[in-house]
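Structure assessment
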Amino acid sequence: MNLYLRYFDRETLVSTVDEAIEFLSSIEEIEMDPLLEADIRAYVASDVYYPKRYKIHPRVYFIIIKTDAATMQDFKEKKAVHVGEENRPKTVAPALVRLNEECEGWYEGMLEFKRVLLVPGTGKFQYRDTQFAARVKAISGMDCYERIVDHLRERVDERSQFPSAKGKNFKFRYLGKAK
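Below: a short report on this structure. Values in this document were obtained by computation on a predicted structure and should not be read as measured data.

Section: the sheet that holds strand E1 (residues 2–7)
Read across the open sheet, the four strands follow the order E2-E1-E4-E3; overall the sheet is antiparallel. For this open sheet the edge positions go to strand E2 (10–14) and strand E3 (52–57), each flanked by a neighbour on one side alone. The sheet shows a mean angle of 15° between the axes of neighbouring strands, taken without regard to direction. Where E3 and strand E4 (residues 60–67) come together, five bridges link them in antiparallel fashion. Bridging across to E4, His57 finds its partner in Val60. Where helix H2 (residues 34–45) meets the sheet, its contacts fall on E1, E3 and E4, and the angle it forms with E4 comes to roughly 30°.

See below:
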């Protein structure tokens, strides 16, 4: 595995982390300190293949990309795809699996949304964080979410904002089979 490094128009393809640190140390604007060096070494040693971006100044970064490309030309032409990633099956986030998993019964859902309320005295409206919890009969976590949102849309101002079912502002749990 090689490392591609770029800082503005300066770029290189190196085969070791020591060569990468040497390249970065040669750039005046980048202050190579023990913390930065340790973080780079940890990134290279990890099994993460996402590009890593390091902030130098506000809106100024350098980037490190792990690659199997043998030469800069191969890297530029995208000839070296990481072997481990192309054979690995795409994983779905566990929360999404739980959300769409069908199991008919009773669910308890809790939703935190932005509710539009009239401010007495001023006649103006404002958004206020509001929590709503309900127990509903549904076939999945997603169905639970849709039933709660449908119920709320009929009862709150139409300008209210509801979160995504996939986000952190919706939680649910399966309570059991419906009788």
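Re the sheet that holds strand E5 (residues 105–118)
Sheet architecture is open: three strands sit in the order E6-E5-E7, paired in antiparallel fashion. This sheet does not close on itself; its edge strands, each paired only once, are strand E6 (125–138) and strand E7 (170–176). Direction aside, neighbouring strands of the sheet carry axes that sit 20° apart on average. With 14 bridges connecting them, E5 and E6 associate as antiparallel partners.

Notes on the nonpolar core
One finds Leu5, Ile30, Ile40, Phe62 and Ile64 to be the most contacted residues of the largest nonpolar core, which totals 20 residues. Going through the elements one at a time, E1, helix H1 (17–25), H2, E3 and E4 are the ones with two or more residues in this core. Considering each element in turn, this core owes the most residues, five residues, to H1. With residues near it in sequence (within four places) discarded, Phe62 still touches Arg6, Tyr7, Leu24, Ile30, Leu36, Ile40, Lys52, Arg53, Tyr54 and Ile56. Of all hydrophobic cores here, the second largest spans 17 residues; its members include Ala134, Val149, Ala165 and Phe172.

Focus: the pairing of E1
The element E1 is largely enclosed, with a buried count of five among its six residues. Note: E1 against E4, five bridges, orientation antiparallel. Within E4, the position partnered with Arg6 by the bridge is Ile63. With five bridges joining them, E1 and E2 adopt antiparallel strand pairing. From the neighbouring strand, Tyr4 faces E2, where its bridge partner is Leu13. Between E1 and E2, which follow one another and run antiparallel, lie two residues, and Phe8 among them has a positive phi close to 50°.

Considerations on the packing of aromatic side chains
Scanning the entire structure with this criterion turns up eight aromatic pairs. On the basis of an interplanar angle of 20° and a centroid distance of 5.0 Å, the ring pair of Tyr54 and Phe62 is categorised as stacked. An aromatic cluster is defined as three or more aromatic residues linked by ring pairs; in this entry it consists of Tyr107, Tyr145, Phe170, Phe172 and Tyr174. Over the ring of Tyr43 we find Lys66; its NZ or CZ atom is 4.8 Å from the centre of that ring.

Structural notes on the environment of Thr71
For Thr71, the location among the structural elements is in the loop between E4 and helix H3 (72–76). A relative accessible area of 37% means that Thr71 is categorised as partly exposed. Taking the C-alpha atoms as reference, Thr71 lies 9.8 Å from Thr12; in sequence the two are 59 residues apart.

Thresholds applied
Residues numbered from 1 in each chain as written. Predicted model: local features only at pLDDT ≥ 70, side-chain atom pairs only at ≥ 80, totals over all residues. Heavy atoms only, no water. Pairing = 2+ DSSP bridges. Helix = DSSP H or I, 4+ residues; strand = E, 2+ residues; numbered from the N terminus. Axes fitted to C-alpha atoms, helices over the stretch in contact; angles between N-to-C directions. Contact = heavy atoms within 4.5 Å. Core = buried A, V, L, I, M, F, W, Y, C linked by side-chain atoms within 4.5 Å. Buried < 20%, exposed > 50% of the residue type's maximum accessible area, 1.4 Å probe, protein only. Phe/Tyr/Trp six-rings, centres within 6.5 Å; stacked < 30°, edge-to-face > 60°. Lys NZ or Arg CZ within 6 Å of the ring centre and 35° of its normal.

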